[in-house]
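Chains, contacts and geometry: an overview
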Amino acid sequence: MATPYPGNVTPLAQPAPDSAAAPIIQTIGLSDLHEALRLGWEDFKAVPSHAIILCAIYPVLGLVLARTVLGYSVLPLLFPLAAGFALLGPFAALGLYELSRRREAGEPASAWDVVEVLRSPSFGAMLGLGTLLLTLFVTWVATAQEIYVAAFGYQAAADVPDFASRVLTTPQGWWLIVVGCGVGFLFALVALCVSVVSFPLMLDRHAGIGDAMVTSLRAVARNPVPMAAWGLIVALLLVLGSLPLFLGLAVVIPLLGHATWHLYRKVIAPDPNPRPIPPRPHRERRPAADFPANLFPWRRKDRA
């Protein structure tokens with residue numbers, strides 16, 4: 001019986017030479033959350049004008065949503081909208097992560113530097129996860145509306161006192177509070193588990209969406225109590241920032257964004273073998289007179 005030569009034997013599985021090791025998850029405590037918030041506040045004080053410019057759209061967005069959603073009184077949806085910012089916050093703070101990263105590396109941080117996020121090799125993955133969070137946000141608002149309709153029907157509250165009386169002094173209102181907070185907690189839990197360190201990881205190590213989400217889930221599983229406390233801190237700060245007509249979000253959003261970057265640094269161990277970012281291809285500038293031809297670059301190649 002013939003025996004194959006050892007040199008001809010092919011292993012069933014061979015690790016790719018350039019495969020990156022999974023990020024190492026570190027154990028953190030509640031004191032690390034306080035430290036992350038402190039460092040986030042230092043970042044905010046260092047670049048306050050940039051952060052406020054970046055986040056001024058959120059109060060405006062909140063007011064617009066509060067006025068236009070479904071075309072009728074949106075008092076029942078004000079709290080769901082405010083709480084829903086926790087679902088979109090991780091994606092909305094991409095520019096803030098970049099500012100914190102630059103300050104951490106000793107690089108200058110300016111308002112224009114946030115556009116560097118668009119040049120990240122993993123920006124497509126960031127956009128994909130952001131779309132997932134947006135879908136989660138829309139689903140949450142629609143669910144909150146259905147919960148209110150199940151409790152009070154389609155009749156809208158006349159004004160704020162009437163709405164407060166309905167919610168706080170009736171059995172239907174108490175049911176609404178319990179069920180709404182319970183369902184909202186589930187939405188927030190999903191968003192926290194898949195995104196607590198995902199976006200900073202994609203920005204820092206250019207991870208794919210799958211690897212980033214798995215790492216985030218591992219981080220939550222490794223640190224359940226600190227991550228639960230972090231989710232509670234985020235929810236409380238966002239609600240407090242939303243109370244004065246969403247204006248407080250201009251401070252709360254950048255604070256949480258910067259703090260999330262520093263939380264990521266505490267949860268994920270430094271990469272021992274960082275991979276260099278491949279240089280972006282040089283874009284040749286062409287005169288304006290060639291504008292129509294610039295739309296069809298393959299035709300220039302054919303002629304050449």
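Report on the accompanying structure.

**Observations concerning the overall build of the protein**
A tally of helices and strands in the protein yields 14 helices and zero strands. The secondary structure elements of the protein, listed N-terminal to C-terminal, are α-α-α-α-α-α-α-α-α-α-α-α-α-α. Put simply, the protein has 304 residues, and 38% of those count as buried. Summing over all exposed atoms, the protein offers an accessible surface of approximately 17,700 Å²; the carbon and sulfur share of this is 68%.

**Structural notes on the packing of helix α4 (residues 75-92) against helix α11 (residues 224-242)**
Where α4 contacts α11, the two axes come as close as 8 Å, and the packing angle between them is 135°. With respect to their mutual orientation, α4 and α11 come out oblique. Between α4 and α11 lies a crossing whose hand is right-handed. Within the contact between the two elements, α4 uses Phe79, Ala82, Phe85 and Ala86 and α11 uses Val234, Leu238, Val239 and Ser242.

**So, helix α12 (residues 249-267)**
If you check α12, its first and last C-alpha atoms are 26 Å apart, about what 19 residues at 1.5 Å a residue would give, namely 27 Å. With 16 of 19 residues buried, α12 is to be regarded as a mostly interior element.

**With respect to helix α7 (residues 160-169)**
Since the α-helix packs 3.6 residues into each turn, any two residues three or four apart lie on the same face. Looking at α7, one finds that the buried residues are Phe163, Arg166 and Val167. For α7, the angular spread of the buried residues around the axis is 85°, confining them to a single face. Away from its buried face by more than 90 degrees, α7 exposes Pro161, Leu168 and Thr169.

**A look at the nonpolar core**
By size, the foremost hydrophobic cluster in this structure holds 55 residues, and its most contacted members are Val196, Phe199, Trp230, Leu238, Leu263 and Val267. In this structure Val196 touches Ala191, Ser216, Val220, Met227, Trp230, Thr260 and Leu263, once residues within four positions along its chain are discounted. Residues Leu75, Ile147, Tyr148 and Phe163 belong to the second largest nonpolar core, which totals eight residues.

**Here's the deal with the packing of aromatic side chains**
One pass over the structure, following the stated rule, counts five aromatic pairs. With a centroid separation of 5.3 Å and an interplanar angle of 35°, the aromatic rings of Trp41 and Phe44 are classed as tilted. One end of the pair, Trp41, and the other, Phe44, are both in helix α1 (residues 30-46), three residues apart, so they sit about a helical turn from each other. Ring geometry for Phe91 versus Phe199: centroids 5.8 Å apart, planes at 55°, classification tilted. One end of the pair, Phe91, is in helix α4; the other, Phe199, is in helix α9 (residues 198-205), with 108 residues separating them in the sequence.

**Re the environment of Val234**
With respect to the helices and strands, the residue Val234 is situated in helix α11. We classify Val234 as buried; its relative accessible area is 15%. For the pair Val234 and Thr260, spaced 26 residues apart in sequence, the C-alpha to C-alpha distance is 9.9 Å. If sequence neighbours within four positions are ignored, Val234 has contacts with Ala86 and Leu256.

**Notes on a nonpolar patch on the surface**
A cluster of nonpolar side chains, Leu168, Trp174 and Ile177, forms an exposed patch at the surface whose accessible area comes to about 310 Å². Since its relative accessible area comes to 34%, Ile177 is described here as partly exposed.

**Thoughts on the pattern of salt bridges**
Enumeration according to the criterion identifies nine salt bridges in this entry. Residues Glu107 and Arg101 are paired through a salt bridge, measuring 3.8 Å at the closest nitrogen-oxygen approach. Close ionic contact of Arg265 with Glu104 constitutes a salt bridge, the shortest N to O distance being 2.8 Å. With Arg265 in helix α12 and Glu104 in helix α5 (residues 94-104), this pair connects stretches of sequence that are 161 residues apart. On the basis of relative accessible area, Glu104 is assigned to the partly exposed category, the value being 39%. In the salt-bridge network here, residues are joined through shared partners; they are Glu98, Arg101, Arg102 and Glu107.

**A closer look at the packing of α11 against α12**
Two numbers describe a pair of packed helices, the interaxial angle and the distance between the axes. Where α11 meets α12, the closest approach of the two axes is 9 Å, and the angle between their N-to-C directions is 165°. The orientation of α11 with respect to α12, classified from their angle, is roughly antiparallel. When you trace α11 past α12, the crossing you get is left-handed. Residues Met227, Trp230, Val234, Leu237, Leu238, Gly241 and Ser242 of α11 form the contact with α12, whose participating residues are Leu249, Val252, Ile253, Leu256, Ala259, Thr260, Leu263 and Val267. Residue composition of the contact of α11 with α12, by class: 12 nonpolar, three polar and no charged.

Criteria and thresholds
Residues numbered from 1 in each chain as written. Predicted model: local features only at pLDDT ≥ 70, side-chain atom pairs only at ≥ 80, totals over all residues. Heavy atoms only, no water. Helix = DSSP H or I, 4+ residues; strand = E, 2+ residues; numbered from the N terminus. Buried < 20%, exposed > 50% of the residue type's maximum accessible area, 1.4 Å probe, protein only. Areas by Shrake-Rupley, 256 points an atom, 1.4 Å probe, with all protein chains shown as cover. Axes fitted to C-alpha atoms, helices over the stretch in contact; angles between N-to-C directions. Parallel < 35°, antiparallel > 145°, perpendicular 65-115°, else oblique. Left-handed = near helix turned anticlockwise from the far one by under 90°. Contact = heavy atoms within 4.5 Å. Expected span 1.5 Å × (residues − 1). Arc of directions from axis to C-beta. Core = buried A, V, L, I, M, F, W, Y, C linked by side-chain atoms within 4.5 Å. Phe/Tyr/Trp six-rings, centres within 6.5 Å; stacked < 30°, edge-to-face > 60°. Patch = residues over 30% accessible without salt bridge, like charges linked within 9 Å, V, L, I, M, F, W, Y side chains within 5 Å. Salt bridge = Lys/Arg side-chain N within 4 Å of Asp/Glu carboxyl O. Nonpolar A, V, L, I, M, F, W, Y, C, P; charged D, E, K, R; others polar.

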